[in-house]
Amino acid sequence: MGIRKFIIRTFGICEFFRDVNSFTKQPAWGGESSLSEVTSVQLEFRDISRIINNSTYEDLTFATSKHIHNIGCKHYDGLCGMFVNPKTGQFRGKLESCYFSGYQLRDDYNKSMNAMERHLVRQSEPNKLTFVGEILPGGSYSPKMVKLYLLFERFVVRVFSWCSIPFAPLDAHCLLRPEAIEAWFYLYRATGDKIYQEWGWKAFKALEKHAKVEYGYSSVVNVKRIPVSYRDMMESFFLSETLKYLYLLLADDQSEIPLDRFVFNTEGHPLPIYDH
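Conventions adopted
Residues numbered from 1 in each chain as written. Predicted model: local features only at pLDDT ≥ 70, side-chain atom pairs only at ≥ 80, totals over all residues. Heavy atoms only, no water. UniProt positions renumbered as here; feature names shortened; annotations may be inferred. Helix = DSSP H or I, 4+ residues; strand = E, 2+ residues; numbered from the N terminus. Buried < 20%, exposed > 50% of the residue type's maximum accessible area, 1.4 Å probe, protein only. Contact = heavy atoms within 4.5 Å. Areas by Shrake-Rupley, 256 points an atom, 1.4 Å probe, with all protein chains shown as cover. pLDDT = per-residue confidence, 0-100. Phe/Tyr/Trp six-rings, centres within 6.5 Å; stacked < 30°, edge-to-face > 60°. Lys NZ or Arg CZ within 6 Å of the ring centre and 35° of its normal. Axes fitted to C-alpha atoms, helices over the stretch in contact; angles between N-to-C directions. Parallel < 35°, antiparallel > 145°, perpendicular 65-115°, else oblique. Left-handed = near helix turned anticlockwise from the far one by under 90°. Core = buried A, V, L, I, M, F, W, Y, C linked by side-chain atoms within 4.5 Å. Patch = residues over 30% accessible without salt bridge, like charges linked within 9 Å, V, L, I, M, F, W, Y side chains within 5 Å. Salt bridge = Lys/Arg side-chain N within 4 Å of Asp/Glu carboxyl O.

With an unreviewed UniProt entry as reference, the protein chain is termed alpha-1,2-Mannosidase, source organism Parascaris equorum. The record in UniProt for the protein chain states the following under Sequence similarities (unreviewed entry): "Belongs to the glycosyl hydrolase 47 family." Regarding the protein chain, the relevant UniProt record gives this comment under Cofactor (unreviewed entry): "Ca(2+)".

Put into structure tokens, the structure is as follows:
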């Protein structure tokens, strides 16, 4: 099969499927697709097009973003539903702004960020801690910060007790996710404050002590119970993102992969920034 047809059929450029069996050419499951996933392949294929000087792949993948832009997210000034129907291309579910982690027009990004500040950002009572919530189907506001952003912090908090988060966790498992360390990496690059390196080093030592097993590192069933029990699973993002951001955060040479020349995609891959 030619690469062009493979992209169309496998990555769902026309129908937004997130998981497609490349042998049967059929979706792996029949539900809606996550908006952040179907709009996050553009960076990779844009880079392929620039490397081989062939715009086909960039044009095909950007068709998804064009569709999202054209139908708009008008009910809340630029926030889109969390899921998109792969057949109709319409939104469903909670409102969020995470699809802009993919390649998207700058004005759409700015509109989404302004809408997030206007509709999702609140402060807790009585401590006035800032958090980002959700708008549920039907329009009600949920003061729940997305679990994805808190999983790694929870692992560090509950097992190693060296920092705190203001929200009670919904569960106590840990998949060794990268988001907290990724944030510390960016914050350290922006501020030069050594506290972020200190947090990263403590997190690394905690991983070595509690998550390391004979043949790698394992997700943890319940971080509230010491000694921990394991899920016998190491997600691929632990190697491609969690350890990568730890290395970059703790590196002596902070000029490696300069952020004015490279951007990290949602899977932690550094891609060059183009001026056109």
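Draft legend 1. Molecular detail of the overall build of the protein chain. Scanning the protein chain from N- to C-terminus turns up nine helices and eleven strands. Within the span of the protein chain, comprising 276 residues, buried residues form 42% of the whole. Long-range pairs, those at least 24 residues apart, make up 50% of the contacts in the protein chain between residues at least 6 apart in sequence. For the protein chain, the exposed area adds up to about 15,400 Å²; of that, 53% sits on carbon and sulfur atoms.

Draft legend 2. Spotlight on the confidence of the model for the protein chain. When pLDDT is averaged along the protein chain, the result is 76; 73% of the residues meet or exceed 70. Confidence over residues 97-103 falls short of pLDDT 50; this stretch has 27 contacts with residues more than four positions distant or in other chains. Predicted confidence for residues 147-168 stays below pLDDT 50, and this span has 59 contacts to residues more than four positions away or in other chains.

Draft legend 3. Broad picture of the UniProt feature "binding site: Ca(2+)" (unreviewed entry) in the protein chain. If you check UniProt for "binding site: Ca(2+)" (unreviewed entry), the listed places come out as T266 in our numbering. Mapped onto the elements of the fold, T266 is located in the loop between β10 (262-264) and β11 (270-272). Among the residues examined, T266 registers a relative accessible area of 34% and is labelled partly exposed.

Draft legend 4. Focus on the packing of aromatic side chains. If you walk through the whole model with that rule in mind, you get eight aromatic pairs. Note on F185 and Y186: the rings are 5.2 Å apart at their centroids and 50 degrees apart in plane angle, and the pair reads as tilted. Among the residues examined, Y186 registers a relative accessible area of 30% and is labelled partly exposed. With centroids separated by 5.8 Å and ring planes inclined at 40 degrees, the aromatic side chains of F185 and Y245 adopt a geometry described as tilted. On the criterion of sequence distance, the pair formed by F185 in helix α7 (residues 179-191) and Y245 in helix α9 (residues 236-250) is long-range, its members being 60 residues apart. The class of F185 is buried, set by a relative accessible area of 0%. A relative accessible area of 0% means that Y245 is categorised as buried. In this structure, R122 is placed above the aromatic ring of Y141, and the distance from its NZ or CZ to the ring centre is 3.7 Å.

Draft legend 5. Quick peek at the packing of helix α8 (residues 195-210) against α9. Interaxial distance between α8 and α9 falls to 9 Å at its minimum, and their mutual angle equals 135 degrees. For the element pair α8 / α9, the angle class is oblique. Taken as a pair, α8 and α9 cross one another with a handedness that is left-handed. Listed contacts from α9 to Y196, Q197, G200, W201, F204 and L207 of α8 are F238, L246, L249 and L250.

Draft legend 6. Quick peek at the nonpolar core. L176, I181, W184, F185, L207 and L249 are the most contacted members of the largest nonpolar core, which has 22 residues in total. Every element with two or more residues in this core is listed here: α7, α8 and α9. Here F185 is in contact with Y245, L248, L249, L259 and F264, once residues within four sequence places are set aside. V38, I68, C80 and V84 belong to the second-largest nonpolar core, a separate cluster that totals six residues.

Draft legend 7. Quick peek at a nonpolar patch on the surface. On the surface, I48, I51 and I52 cluster together into a nonpolar patch covering about 280 Å² of accessible area. Examined against the element boundaries, I48 turns out to sit in helix α3 (residues 42-52). For I48, a relative accessible area of 35% gives the class partly exposed.

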